[in-house]
Amino acid sequence: MTEEHSSPIKTPKQLIIVVLLAFAVPVTLAVMVSQLVTSGETGRHENDNQVIARIQPFGNVTLAEATGPKGMLTGETVYNQVCKTCHETGLAGSPKLGDKAAWAKIVTQGEKLSFEHAIGGIRAMPPRGGNSELTDDEVKRAVAFMANKAGANWTAPAVAASAAATPAAAAPAERTGQQVVETVCSQCHATGVDGAPKIGDRAAWIERVKRGLNPVYQSALKGHAGMPARGGMADLSDAEVKRAVEFMLNSGAGPAPAVAAASPAPAASPAPAASPAPAASAPTAVAADGKKVYGSVCFACHGSGVAGAPKFGDKAAWTPRLAAGMDAVYGIALHGKGAMPPKGGNPSLSDADVKAAVDYMVAASK
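Residues numbered from 1 in each chain as written. Predicted model: local features only at pLDDT ≥ 70, side-chain atom pairs only at ≥ 80, totals over all residues. Heavy atoms only, no water.

Undergrad: Hey, could you run me through the side chain of Arg141 in this one?
TA: Position of Arg141 among the secondary structure elements: in helix 6 (residues 136-149). Despite being buried, Arg141 has no salt bridge partner; Asp137 is the closest side chain of opposite charge, sitting 4.4 Å away. Engagement of the side chain of Arg141 in a polar contact is seen with the backbone oxygen of Leu73, the distance being 2.8 Å. With sequence-adjacent residues up to four places away left out, Arg141 is seen in contact with Gly71, Met72, Leu73, Thr74, Gly75, Ala156, Pro157, Ala158 and Val159. (Helix = DSSP H or I, 4+ residues; strand = E, 2+ residues; numbered from the N terminus. Buried < 20%, exposed > 50% of the residue type's maximum accessible area, 1.4 Å probe, protein only. Lys, Arg positive; Asp, Glu negative; His and termini not counted. Salt bridge = Lys/Arg side-chain N within 4 Å of Asp/Glu carboxyl O. Polar contact = N/O pair within 3.5 Å; in protein donor to acceptor, adjacent residues only side chain to side chain. Contact = heavy atoms within 4.5 Å.)

Listed below in structure tokens is the structure:
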């Protein structure tokens, strides 16, 4: 007869010891393994620097670069960095720099109220011109700088000598239209992303200049549809944006890349001098100037007959217009008529330039 299997645990004391060992042994093993991994040397084949290099992230995010002390910008520097966008061209009704008539009301209301409006914002102007990083003193200096350009004699908070000594060094060099297109605009206009007119697409660009160049300029400066203001590069000046527009426009709607008179090419001096007017005694010079204006402005409509414009070289289209006399034709070109805006949409053209362009087109239609 076989004996029944019996348990090795005979007493309550033995049972307690077995239970305790069941918990203690796994815990002890886990502690020993962790100490083996973490204590002593970092590893047989790695030192501390190697471990850090191995576990570091793939990249680092920099939230902001270190800058100089706040509140040290001069009024002129703040104007060039922030205020110039609107006050150079008078966008949204802002008084243009140096326009005494436009600044008269502001100067009359006094420094205190004007400073408050600039800091807190008023009408279309956001607080601090849209740059919340500017201090009150920096905003006041900018307002005083602009007001004094219009004949005021306002006193602004002083700037430390070290900051005032080198304000001009920070001003970047002006870029050409081609440079702006290559670095900014080509991202969309090279491929036509989101309906952007492609560089060189004649039909797409002519469609956009039917109402003249100014609407195209404003779309580029302020943004339109899916395009951000200034192509998303806020530090571009108005002139740089216009040059980029003209470069792309002429690549599709004009005979060759040519910078229009509205946005002179950057020069070494801060205020590029205008091209000298052609001499009245030299007809060939007048014709050359007229050809240039036609190629950079008039060609957009007269090259293809957009909106009923008489096409270049179309004698039948020009004959009825010439029947009224050249003075009448000049008047339409200067003051606009129907779909054609004054001076072809480029108000910076002189009357002589506009007439030269008319003469060039008329001569080609005879």
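And the narrative resumes.
Undergrad: What should I look at first to understand the packing of aromatic side chains in this one?
TA: By convention here, two paired aromatic rings are described through the distance between centres and the angle between planes. Within the structure shown, the criterion is met by three aromatic pairs. With centroids separated by 6.0 Å and ring planes inclined at 80°, the aromatic side chains of Phe115 and Trp154 adopt a geometry described as edge-to-face. Of this pair, Phe115 sits in helix 5 (residues 111-120) while Trp154 is found in the loop between helix 6 and helix 7 (161-164), placing the two residues 39 residues apart along the sequence. The exposure classification of Phe115 matches that of Trp154, with both residues buried. Relative to Tyr360, the ring of Phe312 lies with its centre 5.4 Å away and its plane at 25°, an arrangement referred to as stacked. Taken together, the positions of Phe312 in the loop between helix 12 (283-302) and helix 13 (315-322) and Tyr360 in helix 15 (residues 351-365) put the pair 48 residues apart, joining distant regions of the chain. You can call Phe312 partly exposed: its relative accessible area is 31%. Of note, Lys242 hangs over the ring of Tyr217, and the distance from its end group to the ring centre comes to 5.3 Å. (Phe/Tyr/Trp six-rings, centres within 6.5 Å; stacked < 30°, edge-to-face > 60°. Lys NZ or Arg CZ within 6 Å of the ring centre and 35° of its normal.)

Undergrad: Can you walk me through the environment of Tyr330 in this structure?
TA: Mapped onto the secondary structure, Tyr330 falls in helix 14 (residues 326-335). Linking Tyr330 and Lys343, residues 13 residues apart in sequence, is a C-alpha distance of 9.8 Å.

Undergrad: In this structure, what is going on with the confidence of the model for the protein chain? I would like to understand it.
TA: Detailed reading of the predicted coordinates is not advisable wherever pLDDT is low. Across the protein chain, pLDDT averages 74, with 73% of residues at or above 70. Every residue in residues 58-68 scores below 50 in pLDDT, and together they form zero contacts with partners more than four places removed in sequence or on other chains. (pLDDT = per-residue confidence, 0-100.)

Undergrad: Just checking my understanding: could you explain helix 6 for this structure?
TA: Each turn of an α-helix holds 3.6 residues, which means side chains three or four residues apart point in the same direction. Taking 1.5 Å as the rise per residue, helix 6 with 14 residues should run 20 Å; its terminal C-alpha atoms sit 20 Å apart, in good agreement. Residues of helix 6 that are buried in the fold lie against helix 3 (75-87), helix 4 (100-109) and helix 5. At the C-terminal side of helix 6, Gly151 shows a positive phi close to 105°. (Expected span 1.5 Å × (residues − 1).)

Undergrad: How do you make sense of the side chain of Thr77 when you look at a structure like this?
TA: Structurally, Thr77 can be placed in helix 3. Within the local environment of Thr77, its side chain forms a polar contact with the side chain of Thr74, the two groups lying 2.8 Å apart.

Undergrad: When you look at the packing of helix 13 against helix 15 in this model, what are you seeing that I'm missing?
TA: For any two helices packed against each other, the geometry comes down to the angle between their axes and how far apart the axes lie. Running from N to C, helix 13 and helix 15 point in directions that differ by 120°, and their axes come no closer than 9 Å. For the element pair helix 13 / helix 15, the angle class is oblique. Pair helix 13 / helix 15 crosses with left-handed handedness. Contacts between helix 13 and helix 15 involve Lys315, Trp318 and Leu322 from the first element and Met361, Val362 and Ser365 from the second. When grouped by side-chain class, the residues that make up the contact of helix 13 with helix 15 number four nonpolar, one polar and one charged. (Axes fitted to C-alpha atoms, helices over the stretch in contact; angles between N-to-C directions. Parallel < 35°, antiparallel > 145°, perpendicular 65-115°, else oblique. Left-handed = near helix turned anticlockwise from the far one by under 90°. Nonpolar A, V, L, I, M, F, W, Y, C, P; charged D, E, K, R; others polar.)

Undergrad: Help me understand helix 5 in this model?
TA: Buried residues of helix 5: Ser114, Phe115, Ala118 and Ile119, and no others. Burial along helix 5 is one-sided: seen end-on, the buried residues are contained in an arc of 130°. Tucked into the core, helix 5 has its buried residues touching helix 4 and helix 6. At the exit of helix 5 stands Gly121, carrying a positive phi of roughly 90°. (Arc of directions from axis to C-beta.)

Undergrad: What is the right way to look at the layout of surface pockets in this model?
TA: Regions of empty space are outlined by a rolling probe, equal in size to a water molecule, passed over the atoms. What the second largest pocket holds in volume is close to 1,000 Å³. If you go around the second largest pocket, you meet 41 residues; those closest to its centre are Cys86, His87, Ser94, Met125 and Pro126. Among the elements of the structure, helix 3, helix 4, helix 5, helix 6 and helix 10 (213-222) are those that each provide at least two residues to the lining of the second largest pocket. Among the elements that take part in the lining of the second largest pocket, helix 3 stands out by supplying seven residues, more than any other. Its residues assigned to classes, the lining of the second largest pocket shows 24 nonpolar, 12 polar and five charged. (1 Å grid on protein atoms, 1.4 Å probe; cavity = no way out; pocket = protein on both sides within 12 Å on 5 of 7 lines; lining within 4 Å. Points joined across faces, edges and corners; volume = space filled by probe spheres on them.)

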